[in-house]
Each structure stands twice: as structure tokens, then as C-alpha cells.
Amino acid sequence: MKKILFAIILAFLIFYSLWFIGVSEGFLKDLIQHSLQDTSLSVDIHDFRKGLFFNVTSQSVTLKYADKTLLSMEKMGGRIHPLQLFLMRVALSFDGEIGKGRIQGKLDLLSGGHQAHLRMDQANIEGIDFFDMIGLRGNGLLSGELKLNNERGDLKFSIKEARFERGSFAGGVAPLDLFDRARGAMSIKGKTLRVSSFSMEGKGIYARVKGEVIGNKVDLILEVMRDSSFRETFPLLSAIESYQVSPGYYVIPIKTVLSF
């Protein structure tokens, strides 16, 4: 019994020695920031601190795509899993705030690779740069998840209680203010962001987007469909009338270069 107790105490001391002496704040910060260097994604960490019991904090963490900010997370707190340090890997569980909502996730930094899983809940899109970047501006409550495995990733999300601003969507004119909810699924491979499905719905009107973004080059197709229940108080669809394929059905090619 004494030997077991001694072994436990010794392991505890080794873990803490490794944490306080062998693992510096700078090492952890650099490891996290360089974990996505083989992809078009990158991360910036500000005011990073190492605490007791293998916990870490950061005032803000910014995720970027091709040097363009996708989202910024505030008041991040996390915990390093100590057993993984002996395997020369960093496994971090964390949570924080984003767009007045919550974000939580796990990050595994392996030798020569990385894995990440993020979940967002009830975050306002007004505070998430990604949606402004693609021209989807306004308000709405976002929930979704992002999974990354080295240079590949998958993103799924839904938006409810949306109030989009009228304007352009990735360079193509679209009556965004007619839609009050949206959902999407996208995949990432290197510098290619493929839109598997992205749909928006309103009263009597529906839209979907497919295509891909390679670096900053956008190649998408936007389809807009309305049914007999659609009531247009103002001629909002007149801007896309030239794209009408058949009554109530519009196909809009979106080919542009994003400014980043």
C-alpha cells in the first residue's frame, strides 16, 4: 500500500515538474499557433497564461482563413491533459465566448499533425467575421460545429431568428432580407472550401448555394425558388429578374475574388 501511495505521489510530482519547468507558456502558445501551418487556416492567441492544475487562459483567440479573420473567441479557458505530455502531444479542452454565445472544443496537437473539434451555441452572427466576409450580414443565432484533421475539415451550422441585411452575397445580388433561417455544410481541404450545401428559407421563398472557394477565388451557384404562398410587398426580386430560368426559379452564378 505504501509503495502504491509513493508511486502516486511520485507521478504527481513528475507531472507538476514537467508542467512548471519543462513546458513554458511560450512553447504552448507557439505549438498551438503553428499547428495549422500546413493549411490555409491560422490562429492568433493574445494574453496567453499558464495556471495551476494544467489549466491555461487567453483573453482572445482569432481563427483566420488565408489571413482573413473568420471568428474571434473571447475569455478562453482550457485544460491540458497531463498524461498526453509524456506522449509528446498536447491535448487541450477549452471553452469561451463568441458573438455573445458559447464555444467549446478539443484540440489535439500530435507530432506532425493536429485534430480539432469546435462547437458553437447561440452565437450572434453579427459578431462573427466569416459571415461578413461572404456578404451575409445582419443578426441571427448560430449553432454548429467544426472538425479539423490535419489539412481536412468539415463545418456544419444552422442560423435561426435571422434578420439578414439586403445586399450582395459573395458578389452576387440576392434578396437576403427575405430569409429568416439558414443551414449549411462545408468541407475544407488545404486552401479549398467546398460548399456541400447551404440553404436559406423564408415565407414562401427558398435559396441554396453550391460550389467552392479556392483561396480567395469564389465559384458558386445561387438558386432562388419561390412558391405560390410568397407575398412580395416591395419588388425585392426585381434585381435578379434577369436570372429567372422559369417562373419563380432563379439561377445566379457567383464568380468573384474576395478582397483579402
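Residues numbered from 1 in each chain as written. Predicted model: local features only at pLDDT ≥ 70, side-chain atom pairs only at ≥ 80, totals over all residues. Heavy atoms only, no water.

**Points about the overall build of the protein**
Of the regular secondary structure elements, the protein holds 4 helices and 16 strands. Accessible surface, the protein as shown: approximately 14300 Å² in total, 55% of it carbon and sulfur. (Helix = DSSP H or I, 4+ residues; strand = E, 2+ residues; numbered from the N terminus. Areas by Shrake-Rupley, 256 points an atom, 1.4 Å probe, with all protein chains shown as cover.)

**Some remarks on the nonpolar core**
Note on soluble globular proteins: their nonpolar side chains tend to be buried together. By size, the foremost hydrophobic cluster in this structure holds 67 residues, and its most contacted members are Phe130, Phe131, Ile159, Phe164 and Met200. Setting aside its immediate chain neighbours within four residues, isoleucine 159 contacts Ile125, Phe131, Gly140, Leu141, Leu142, Phe164, Asp180, Arg181 and Ala182. (Core = buried A, V, L, I, M, F, W, Y, C linked by side-chain atoms within 4.5 Å. Buried < 20%, exposed > 50% of the residue type's maximum accessible area, 1.4 Å probe, protein only. Contact = heavy atoms within 4.5 Å.)

**Some details on empty space enclosed by the protein**
Counted by the stated rule, this structure contains 4 cavities of 30 Å³ or more. Estimated volume of the largest cavity: approximately 340 Å³. Along its surface, the largest cavity is lined by 22 residues, and Ile32, Val43, Val61, Phe94 and Leu107 are the ones closest to its centre. Elements with a minimum of two residues in the lining of the largest cavity: β1 (41-50), β2 (55-65), β3 (68-80), β4 (90-98), β6 (113-124) and β7 (138-149). Element by element, the count of residues in the lining of the largest cavity is highest for β2, at 5 residues. (1 Å grid on protein atoms, 1.4 Å probe; cavity = no way out; pocket = protein on both sides within 12 Å on 5 of 7 lines; lining within 4 Å. Points joined across faces, edges and corners; volume = space filled by probe spheres on them.)

**So, the environment of histidine 114**
Here histidine 114 is to be found in strand β6. What makes histidine 114 buried here is its relative accessible area of 4%. With 37 residues separating them along the chain, histidine 114 and glutamate 151 place their C-alpha atoms 8.7 Å apart.

**Some details on the pattern of salt bridges**
Tallied over the entire structure, the rule returns 9 salt bridges. Salt-bridge contacts for aspartate 47 lead to arginine 49; the nearest nitrogen and oxygen are separated by 3.2 Å. Accessibility expressed as a relative area gives 45% for arginine 49, which makes it partly exposed. Notably, a salt bridge pairs arginine 181 with aspartate 180, separated by 2.6 Å at the nearest N-O pair. Arginine 181 gets classed as partly exposed once you look at its relative accessible area, which sits at 37%. Under the relative-accessibility criterion, aspartate 180 is labelled partly exposed at 27%. (Salt bridge = Lys/Arg side-chain N within 4 Å of Asp/Glu carboxyl O.)

**Digging into the packing of aromatic side chains**
Inspection of every chain in the model, using the stated rule, returns 2 aromatic pairs. Measuring from ring centre to ring centre gives 5.7 Å for phenylalanine 131 and phenylalanine 157, while their planes differ by 80 degrees; the resulting arrangement is edge-to-face. Here phenylalanine 131 is found in helix α4 (residues 129-133), whereas its partner phenylalanine 157 is found in strand β8 (residues 152-164), with 26 residues between them in sequence. Neither phenylalanine 131 nor phenylalanine 157 differs from the other in exposure class; each is buried. Put simply, the rings of Phe131, Phe157 and Phe198 pair up and form one aromatic cluster. (Phe/Tyr/Trp six-rings, centres within 6.5 Å; stacked < 30°, edge-to-face > 60°.)

**Examining the environment of arginine 152**
Tracing the backbone shows arginine 152 in strand β8. Residue classification places arginine 152 among the partly exposed positions, given a relative accessible area of 46%. The sequence separation of arginine 152 and isoleucine 188 amounts to 36 residues, and the corresponding C-alpha distance is 5.2 Å. Residue contacts for arginine 152: discarding those within four places in its chain leaves Lys147, Ile188 and Lys189.

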